[in-house]
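This is what each chain is made of:
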Amino acid sequence: MQYKALITGNNSGVIDDFFTNMHEIDSMTTSDRYGDVVKHIKYFAPDAFVYCIYQETKEDYSKIVPIKHLLGKNKIPLIVCGSEEDCAAFEQTAVNISDLTLQKPFDTDDIQKKIVDFIGDWKKTEVQEQAEPMQGSDAPAGEAFQPQVPASQPVQPQVPASQPVQPQNPAKKAVKTQAPPAVKRRRKIYGRGRILVVDDNPLMLKVIKEHLHEEYDVATAVNGKVALRFLEHRSVDLILLDYEMPDEDGLEVLQKLREMESVKDVPVIFLTGISDKKKIKKALMMKPEGYLLKPIDHDKLIAMIKKFIF
């Protein structure tokens with residue numbers, strides 16, 4: 001089966017190989033302009049987006065972040081090809097957005113095989129995820145965590161089969177059996193609502209602020225200590241908290257937030273670049289209101305925030 005690859009980047013040698021030597025991949029080039037990529041995805045319908053890097057700048061790498069959001073919406077993987085040095089520089093600027101990284105030295109047949117095998121596995125996984133229903137906290141990463149009804153909630157006693165059942169008023173029965181809401185929404189503290197974003201990656205803070213600034217007032221903190229100092233003097237409606245940070249990770253910061261009287265009831269959503277189910281379950285034991293996988297999808301982020309504040 002022949003797959004389609006949409007290609008961009010400064011590494012013209014590798015890009016030429018896609019057209020001249022990789023016969024199992026139908027290729028088309030594009031630029032790193034968001035509008036160009038939108039059009040090419042619409043008309044070419046690629047199976048993968050390949051970024052062939054060679055001494056790009058940080059500004060070049062930052063352009064790929066919004067493109068990655070677009071790829072995520074269209075279920076298209078991002079593949080990065082480059083030298084070990086270039087790939088490391090890309091990862092430092094655009095953290096955890098590559099779905100597959102291929103480093104020099106390049107062998108054309110080997111690259112083609114790895115890409116074809118990867119796309120095939122990607123499509124199989126996509127089909128499996130669509131076929132499998134989500135089960136509680138084992139839901140695919142990036143979905144909201146739906147809190148379970150507390151065990152302390154009173155349970156109605158079962159009536160033995162032999163005992164006559166008293167007739168009930170239908171209207172009252174409907175009220176009694178109405179399911180409790182899955183989440184508790186909070187009214188905004190003032191005006192547009194204020195959100196605190198805690199992440200050690202300045203680029204991620206910038207991206208999230210861009211996502212939210214039109215609708216919310218956004219404060220940022222580069223670590224837990226800065227966030228806690230901010231919260232001693234200011235109130236917020238919701239906190240977006242990075243799961244993996246140096247010094248104090250998201251779990252430690254969340255523990256301290258839960259111990260602050262003024263903050264303990266504020267909804268917290270984890271932002272994480274991991275998809276390890278064991279780590280996600282560990283995070284969920286702290287009972288955050290949800291989690292989202294990086295790179296953060298704009299629509300999912302807004303939708304999740306609106307579940308908790310209005």
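Structure's up top.
In what follows, the accompanying structure is described. If you're wondering where the values come from, they're calculated on a predicted model, not measured in any experiment.

## Regarding the overall build of the protein chain
Then, number 1: When helices and strands are tallied, the protein chain shows eleven helices and ten strands.
Then, number 2: Per-residue burial over the protein chain gives 41% buried out of 310 residues.
Then, number 3: Long-range contacts, defined as pairs at least 24 residues apart, comprise 65% of the intrachain contacts of the protein chain with a sequence gap of at least 6.

## Section: the pattern of salt bridges
Then, number 1: Applying the stated criterion across every chain yields a total of 13 salt bridges.
Then, number 2: We note a salt bridge from Asp 36 to Arg 33, for which the minimum N-O separation is 2.9 Å.
Then, number 3: In this structure Asp 36 comes out as partly exposed when scored by relative accessible area, which is 21%.
Then, number 4: Ionic pairing is found between Glu 215 and Lys 306, a salt bridge with its closest N-O pair at 2.2 Å. Taken together, the positions of Glu 215 in the loop between helix 7 (202-212) and strand 7 (217-221) and Lys 306 in helix 11 (residues 298-308) put the pair 91 residues apart, joining distant regions of the chain.
Then, number 5: One connected set of salt bridges, linked through shared partners, spans Asp 199, Asp 242 and Lys 294.

## Brief notes about the side chain of Thr 30
Then, number 1: With respect to the helices, strands and loops of the structure, Thr 30 is situated in the loop between strand 2 (25-29) and helix 2 (34-44).
Then, number 2: Residue contacts for Thr 30: discarding those within four places in its chain leaves Leu 6, Ile 7, Thr 8, Asp 36, Val 37, His 40 and Phe 49.

## Remarks on the environment of Gln 255
Then, number 1: Within the secondary structure, Gln 255 sits in helix 9 (residues 250-259).
Then, number 2: Of the residues examined, Gln 255 reaches a relative accessible area of 36% and is grouped as partly exposed.
Then, number 3: With 31 residues separating them along the chain, Gln 255 and Met 286 place their C-alpha atoms 7.6 Å apart.

## A word on the packing of aromatic side chains
Then, number 1: Within this structure, the stated rule accounts for five aromatic pairs.
Then, number 2: Measuring from ring centre to ring centre gives 6.4 Å for Tyr 51 and Tyr 61, while their planes differ by 85°; the resulting arrangement is edge-to-face. Highlighted residues: Tyr 51 in strand 3 (residues 48-52) and Tyr 61 in helix 3 (residues 58-73), separated in sequence by ten residues.
Then, number 3: Residue classification places Tyr 61 among the buried positions, given a relative accessible area of 1%.
Then, number 4: Aromatic rings pair up to connect Tyr 51, Tyr 61 and Phe 90 into one cluster.
Then, number 5: The ring of Phe 44 carries the charged tip of Lys 4 above its face, separated from the ring centre by 5.3 Å.

## Structural notes on the packing of helix 3 against helix 7
Then, number 1: Running from amino to carboxyl end, helix 3 crosses helix 7 at an angle of 50°, the nearest separation of the two axes being 11 Å. Regarding the angle of helix 3 to helix 7, the classification is oblique. With respect to the hand of their crossing, helix 3 and helix 7 are arranged in right-handed fashion. Side by side, helix 3 and helix 7 meet where Ser 62, Val 65 and His 69 of the first sit next to Leu 203, Val 207 and His 211 of the second.

The rules we used
Residues numbered from 1 in each chain as written. Predicted model: local features only at pLDDT ≥ 70, side-chain atom pairs only at ≥ 80, totals over all residues. Heavy atoms only, no water. Helix = DSSP H or I, 4+ residues; strand = E, 2+ residues; numbered from the N terminus. Buried < 20%, exposed > 50% of the residue type's maximum accessible area, 1.4 Å probe, protein only. Contact = heavy atoms within 4.5 Å. Salt bridge = Lys/Arg side-chain N within 4 Å of Asp/Glu carboxyl O. Phe/Tyr/Trp six-rings, centres within 6.5 Å; stacked < 30°, edge-to-face > 60°. Lys NZ or Arg CZ within 6 Å of the ring centre and 35° of its normal. Axes fitted to C-alpha atoms, helices over the stretch in contact; angles between N-to-C directions. Parallel < 35°, antiparallel > 145°, perpendicular 65-115°, else oblique. Left-handed = near helix turned anticlockwise from the far one by under 90°.

That is the geometry; function is a separate question.
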